[in-house]
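Listed below, chain by chain, are the residues.
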Amino acid sequence: YVDTVIVSKRDFKLQMISNGKLKAVEKTSLKFGTSGEILSINVKNGSVVRKGELIAKIDPSPARLKLEQAQATMEKAELDFADNILGFGYGRDTSKLTPEMLKVARIRSGYSSAKNNLKQAQLDYRNTELRAPFSGKIANLTSKVHDYATGDICTLINDKEFEVEFT
């Protein structure tokens, strides 16, 4: 005896009740990469932002000053580096110098240190603007204009895609 059933598309009669939480796949706390006084906040709780959109800005004056100082130090280090190469008797042509001679010239001139300081100053200057790393909604906005930015400014949640977490 063989029993057969015709399969058809219809509602599934069995119910399962469970509690769970929706968690955004993309969610992050946003903060400035440097500290300073907040000059502007362009969003509020519930605002929708696109990737790359400006959320807030801190006073760039101190970072700009450090950047200008780092650029001046870099220029001096480049001159000192050129002087050190001239001291080896090769003019500005570094192709004939050994890697060890180049290393010594960079250390004596402060070139490597100045280059790193310049990179850090450029990064600090870029970090005076807080931009959305992905599109989403703003939540938990705690800071206000003229506050000193030290911790989290807000949370960004991509509300287009969620995961369900069941206990």
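Whatever comes next refers back to the structure up there.
In this report, the structure presented in the accompanying data block is examined. Just so we're clear, the structure is a prediction, and the values are computed from it rather than from any experiment.

## Thoughts on the layout of surface pockets
1) Next: Each pocket or cavity is described by its volume, and for the largest pocket that value is around 150 Å³.
2) Next: Around the largest pocket sit Thr 34, Ser 35, Gly 36, Glu 37, Ile 58, Asp 59, Pro 62, Ala 63, Lys 66, Asp 124 and Thr 128, which together line it.
3) Next: For the lining of the largest pocket, the secondary-structure elements that each account for two or more residues are strand E3 (36-41) and helix H1 (61-87).
4) Next: Among the elements that make up the lining of the largest pocket, the one with the highest residue count is H1 (three residues).
5) Next: A class-by-class count of the residues in the lining of the largest pocket yields three nonpolar, four polar and four charged.

## Overview of the pairing of strand E9 (residues 154-157)
Working note: regular strand, side chains alternate between the two faces of the sheet.
1) Next: Note that strand E2 (residues 27-30) and E9 share four bridges and pair antiparallel. The residue bridging Ser 29 from the neighbouring strand is Thr 155, located in E9.

## Notes on the nonpolar core
1) Next: Counting residues in each nonpolar core, the largest one holds 18 residues, and the members touching the most others are Phe 32, Ile 38, Ile 55, Ile 138, Ile 153, Cys 154 and Leu 156.
2) Next: Secondary structure elements with two or more residues in this core: E3, strand E5 (54-58) and E9.
3) Next: Ignoring any residue separated from it by four or fewer positions in sequence, one finds Phe 32 in contact with Ile 38, Ala 56, Lys 57, Ile 58, Asn 127, Thr 128, Glu 129, Leu 130, Ala 149 and Ile 153.
4) Next: If you look at the next biggest cluster of nonpolar residues, it comprises 13 residues, including Met 74, Ala 77, Tyr 111 and Leu 118.

## Digging into the packing of H1 against helix H2 (residues 99-109)
1) Next: Closest axis-to-axis distance for the H1/H2 pair is 8 Å, and the angle between their directions is 135°. The pairing of H1 with H2 is recorded here as oblique in orientation. Crossing handedness for the pair H1 and H2: right-handed. Counting all contacts with H1, which are made through Ala 77, Asp 80, Phe 81, Asn 84 and Ile 85, the residues of H2 involved are Leu 102, Ala 105, Arg 106, Arg 108 and Ser 109.

## With respect to the side chain of Thr 155
1) Next: By the secondary structure assignment, Thr 155 is in strand E9.
2) Next: Here Asn 140 takes part through its side chain, which lies 3.3 Å from a polar atom of the side chain of Thr 155.
3) Next: Other than its neighbours up to four places away in sequence, Thr 155 contacts Lys 27, Thr 28, Ser 29, Lys 137, Ile 138, Ala 139 and Asn 140.

## Structural notes on H2
Residues spaced three or four apart along an α-helix point in a common direction, a consequence of the helix completing one turn every 3.6 residues.
1) Next: Three or more residues of H2 are buried, namely Leu 102, Ala 105 and Ser 109. In an axial view of H2, the angular spread of the buried residues amounts to 65°, which keeps them on one side of the axis. Facing away from the buried side of H2, by more than 90 degrees, are the exposed residues Pro 99, Glu 100, Ile 107 and Arg 108.
2) Next: Elements that come into contact with the buried residues of H2 comprise H1 and helix H3 (111-126).

## Thoughts on the packing of H1 against H3
1) Next: Two elements in contact, H1 and H3, have axes separated by 8 Å at closest approach and are oriented at 160°. One finds that H1 runs roughly antiparallel with respect to H3. As H1 runs across H3, the sense of the crossing is left-handed. Across the interface between the two elements, Ala 63, Arg 64, Lys 66, Leu 67, Ala 70, Gln 71, Thr 73, Met 74, Ala 77, Glu 78 and Phe 81 of H1 pack against Tyr 111, Ala 114, Lys 115, Asn 117, Leu 118, Ala 121, Gln 122, Asp 124 and Tyr 125 of H3.
2) Next: Residue classes in the contact of H1 with H3 are distributed as 11 nonpolar, four polar and five charged.

Quick notes on the rules
Note that residues are indexed from 1 along each chain, following the sequence as it is written. Confidence filtering applies because this is a predicted model: local features only for residues at pLDDT of at least 70, side-chain atom pairs given and counted only at 80 or more, and all residues used for totals across whole chains, interfaces and linings. Side-chain numbers here rest on the full set of heavy atoms in the structure, without hydrogens or water. For cavity detection a 1 Å grid was placed over the protein atoms alone, and a set of points counts as a cavity when a 1.4 Å probe fits there but cannot get out; an open set counts as a pocket when protein lies on both sides within 12 Å along at least five of seven lines, with lining residues being those that have an atom within 4 Å of a point. Grid points are joined across faces, edges and corners, and a volume is the space filled by probe spheres set on the points. In DSSP terms, a helix is any run of H or I states spanning at least four residues, a strand is any run of E spanning at least two, and both are numbered starting from the N terminus. All residues other than Ala, Val, Leu, Ile, Met, Phe, Trp, Tyr, Cys, Pro, Asp, Glu, Lys and Arg, Gly among them, are scored as polar; the first ten of these are nonpolar and the last four charged. Note on pairing: DSSP must find at least two bridges between two strands before they are called paired. To qualify as a nonpolar core, a set must consist of buried Ala, Val, Leu, Ile, Met, Phe, Trp, Tyr and Cys residues joined through side-chain atoms within 4.5 Å. Relative accessibility thresholds used throughout: buried, under 20% of the residue-type maximum; exposed, over 50%; partly exposed, between the two (1.4 Å probe, protein chains only). We call two residues in contact whenever any of their non-hydrogen atoms come within 4.5 Å of each other. Interaxial angle, 0 to 180 degrees, is taken between N-to-C directions of lines fitted to C-alpha atoms, where a helix line uses only the stretch in contact. Any angle that falls under 35 degrees is termed roughly parallel, while one over 145 is termed roughly antiparallel, one within 65 to 115 roughly perpendicular, and all others oblique. Crossings are classed by handedness, with left-handed meaning an anticlockwise turn of the near helix from the far one by less than a right angle and right-handed meaning a clockwise turn. Pairs of N or O atoms within 3.5 Å make up the polar contacts considered here, provided that, within protein, one atom can donate a hydrogen while the other can accept it, and that residues adjacent in sequence are counted only when both atoms are side-chain atoms. Working note: the arc is built from the helix axis to C-beta atom directions.

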